[in-house]
Amino acid sequence: MKTRYIFAALAATLLLAGCFQDVHELDPSRNVGFVAPELSWANPADAGTDIHDLLVVVNSEEGAYSKHYSNVREFAREPLEVPAGESSILFLANAGEADGYQLSGLPATKFTMAEMFLYYPLLSALMGHNCYMGSAEVMVGKNEFEAPIAPLKPVLPRISLSMSNIPERARVSVVLSNAAASVRLNCGSKAGVEPASESLGNIELGDLDKGDIKTLVPPTVDGASTCDMTLSVTMPDGTKTVQLHAPRMDCGGEYSLSLDYKNLIIKMDVGSFIIENWDVEHSYDGRIYE
Amino acid sequence: MLLLVGAVCAGHAQTLERPWYAGVQGGTSFGQSTFSSITEHQVHWGVQGGLFGGYRINRILSLEASFQYGAQTQSALDCCPYWLSADGERFAMAVLDAPGWYYRDLSTRTQWGRAALQANVNLIGFFAKNSRWTLNLSPQIAAVTTQTKLVAPDQSILNPRQCHLSYGGQISLGYRISDRIGAALYGGVAGQAGERFDNMPYHGHDSNRLWDAGVKLSFHFGKYPKRGPSAAELAAEAEAAARVAREAEEAAARAKAAEEAAQAEAAAQVAREQAARAAAERAAREQAEREAEAVKEEAFQTPIPTVYFANNSKTIVDSYDPALEEALAILQQYPDFKLEIHAYASPSGTKAFNKALSKQRMEAIQQWFVAHGISMDRMAEAYYHGADYKARTATQARRAELKFVK
């Protein structure tokens with residue numbers, strides 16, 4: 001009889017063997033939550049851009065830390081671990097030194113967030129290689145899982161200049177004069193990016209007589225109400241310049257300006273003009289992706 | 001249904017003697033892998049059914065084989081807010097510019113087949129020999145094949161078929177409605193070895209199991225074949241044989257004890273008889289001894305005639321031989337007897353002469369007995385007195401007196 005009871009106990013044990021413990025990986029005992037930001041493109045035209053460098057900066061009341069990823073798949077493989085409570089997260093893509101950028105003030109782990117600046121010493125080499133920035137504000141409880149959407153916006157503004165009816169012997173060059181030397185990356189309560197107040201000096205954007213100018217430019221320095229450009233028209237008999245005051249260019253904006261030489265030459269004697277007052281022959285299109 | 005009603009109406013003549021059974025089973029099924037049929041928000045009821053058959057070895061144990069087919073839908077749990085890329089890799093979040101789906105927007109539909117072998121252990125059988133009720137614990141091993149379709153918002157993907165070794169079991173509560181019909185409610189769980197059957201990437205859950213629950217209807221047939229005694233019967237027989245043997249041993253022991261008692265009694269009787277004989281013999285011996293003692297005493301008291309000598313002679317005349325031989329016989333018969341001798345002479349002659357003569361006469365008596373085998377030790381008390389002045393006559397004085405002493 002005793003043997004039968006033993007056999008019954010074995011049967012019950014085997015029966016229950018299928019009900020083994022199911023342990024979930026997201027069950028830490030620490031006071032942390034998890035964030036899985038969904039990156040997206042603020043400008044659909046940027047879709048498909050290869051992200052080969054991604055910097056993530058998490059800032060919370062307990063301090064800040066940063067982490068580098070070599071691609072988006074690597075970043076997406078694990079959720080971010082953040083202290084329970086409010087956190088702000090900043091994403092900076094393709095802003096490594098290999099892309100011509102330099103970053104200062106990157107926070108060390110668990111230290112209070114310092115001011116971060118992004119410089120672009122090799123601006124002329126950037127060509128079409130912009131970097132991108134995104135941010136997310138999250139409130140996450142212990143062991144909770146949040147998935148905020150973080151649109152990636154271009155950091156540097158992009159300008160497109162064109163001029164029609166340029167005489168054959170004329171040379172029209174464009175110089176940008178009040179561009180910011182760097183942009184300030186804010187990971188605080190309102191994560192974002194804005195131009196610094198230090199001016200980079202004159203930047204030659206190119207010659208319109210050789211074709212349209214499409215290039216990245218630094219944003220207008222902080223505090224300036226207009227973006228100042230100097231257009232120089234060189235003819236065999238001399239050179240005339242005119243100051244062009246366009247609306248300021250902010251981070252991530254796209255600006256296009258179509259000029260007509262015939263209308264411009266009339267303004268040459270004035271010495272400067274403001275785009276806003278231009279008539280219909282002149283066109284201005286400025287857009288910033290929010 | 002008619003069959004069930006008929007079976008119930010057939011009455012309670014069931015004997016539970018039919019070892020073979022077969023039947024159908026069916027009910028619902030659930031899956032739990034990366035996705036689950038039961039989530040925080042909804043329950044996906046699956047369906048399953050099949051055939052089974054078995055053999056009841058005894059009221060406790062039966063072996064059963066079954067074939068089942070089932071299907072169920074599973075979806076993501078809230079604790080798994082993951083994203084599945086189109087290439088099948090799991091991520092914690094959507095990968096920029098890569099196609100994929102969120103887990104919460106996906107579901108899987110799994111179809112499975114199972115060939116199982118299980119042992120049913122009827123717990124009620126431990127306590128009731130002929131109960132209609134059964135409560136089975138049934139460990140089970142099985143071969144399972146699964147095929148899962150991933151259903152995404154914009155498309156569905158059929159994954160390759162998988163094969164698993166399955167382990168788990170069932171618990172069932174059954175009732176024997178009639179001689180041939182039984183019914184049972186059952187529930188089971190089985191873990192699936194190998195790949196996750198829903199084909200979703202692993203994310204920390206160790207689950208990969210199928211649950212099923214439903215009703216079994218069974219038809220019982222056959223008879224237990226005539227066979228040799230069962231182990232229980234053999235055990236009973238052995239126990240009976242042992243009991244008989246014990247009783248025989250006890251009877252033998254009792255007989256042996258009685259025999260030993262009889263033997264003891266006989267021995268005691270013999271002992272008593274021997275004691276009686278010994279006592280009688282002792283009494284006889286004592287009587288004989290007493291008689292011998294009396295004879296001895298009589299012999300001791302027997303007077304020995306005085307030996308008279310001629311004048312100036314120390315020679316013992318032959319006429320005294322019979323008397324001396326009689327004394328000799330008594331001395332020979334009783335070694336503890338001794339002979340006391342007193343020798344005298346007549347007053348004629350000198351005193352010294354008479355002294356010597358009486359001594360010679362004493363020695364003549366001693367020599368006669370020594371010559372007939374009596375040692376001098378037994379005649380130590382020999383005395384010569386010289387002339388006897390008290391004798392009436394000289395003839396009476398010339399003598400030697402003898403008597404027995406101890």
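None of these values were measured; they are calculated from a predicted model.

A short note on the side chain of A:D53
- Along the chain, A:D53 falls in the loop between β2 (38-41) and β3 (54-60).
- Buried charge without a partner: A:D53 forms no salt bridge, and the closest opposite charge is A:K67, 14 Å away.

Brief notes about the packing of aromatic side chains
- This model, assessed by the stated rule, comprises 18 aromatic pairs over all chains.
- Relative to B:F127, the ring of B:F126 lies with its centre 6.4 Å away and its plane at 70°, an arrangement referred to as edge-to-face.
- When its relative accessible area of 8% is taken as the criterion, B:F126 is described as buried.
- Taken together, the ring pairs connect A:F145, B:F35, B:Y82 and B:Y103 into an aromatic cluster.
- One residue, B:K216, lies across the ring of B:Y186, its end atom 5.5 Å from the ring centre.

Comments concerning the nonpolar core
- Counting residues in hydrophobic clusters, the biggest one holds 32 residues, and the most contacted among them are A:L54, A:V56, A:F75, A:L80 and A:F91.
- Counting only elements with at least two residues in this core, the list comes to β2, β3, β4 (63-69), α2 (72-76), β5 (80-83), β6 (85-93), β9 (132-140) and β11 (149-154) of chain A.
- Core analysis: the second largest hydrophobic core is formed by 28 residues, B:A299, B:F309, B:L328 and B:F337 among them.

Topic: the environment of B:R196
Residue and element names in this part refer to chain B.
- Following the sequence through the fold, R196 ends up in the loop between β11 (181-192) and β12 (209-221).
- With relative accessibility at 14%, the residue R196 sits in the buried group.
- Sequence separation between R196 and N208 is twelve residues; the distance between their C-alpha atoms is 5.9 Å.
- When residues no more than four places from it in sequence are discounted, the contact partners of R196 are S33, T34, Q162, P201, Y202, H205, S207 and N208.

Some words on the pattern of salt bridges
- Enumeration according to the criterion identifies 16 salt bridges over all chains in this entry.
- In this structure, the salt-bridge partner of B:D179 is B:R18, at a minimum N-O distance of 2.8 Å. Taken together, the residues span a long stretch of sequence, with B:D179 in the loop between β10 (162-176) and β11 and B:R18 in the loop between α1 (2-9) and β1 (20-32) at a distance of 161 residues. We note that B:D179, like B:R18, is buried.
- Within the structure, one salt-bridge network assembled from shared partners comprises A:R73, A:R77, B:D87 and B:E89.

About the criteria used
Residues numbered from 1 in each chain as written. Chains lettered and ligands numbered in written order. Predicted model: local features only at pLDDT ≥ 70, side-chain atom pairs only at ≥ 80, totals over all residues. Heavy atoms only, no water. Helix = DSSP H or I, 4+ residues; strand = E, 2+ residues; numbered from the N terminus. Buried < 20%, exposed > 50% of the residue type's maximum accessible area, 1.4 Å probe, protein only. Lys, Arg positive; Asp, Glu negative; His and termini not counted. Salt bridge = Lys/Arg side-chain N within 4 Å of Asp/Glu carboxyl O. Phe/Tyr/Trp six-rings, centres within 6.5 Å; stacked < 30°, edge-to-face > 60°. Lys NZ or Arg CZ within 6 Å of the ring centre and 35° of its normal. Core = buried A, V, L, I, M, F, W, Y, C linked by side-chain atoms within 4.5 Å. Contact = heavy atoms within 4.5 Å.

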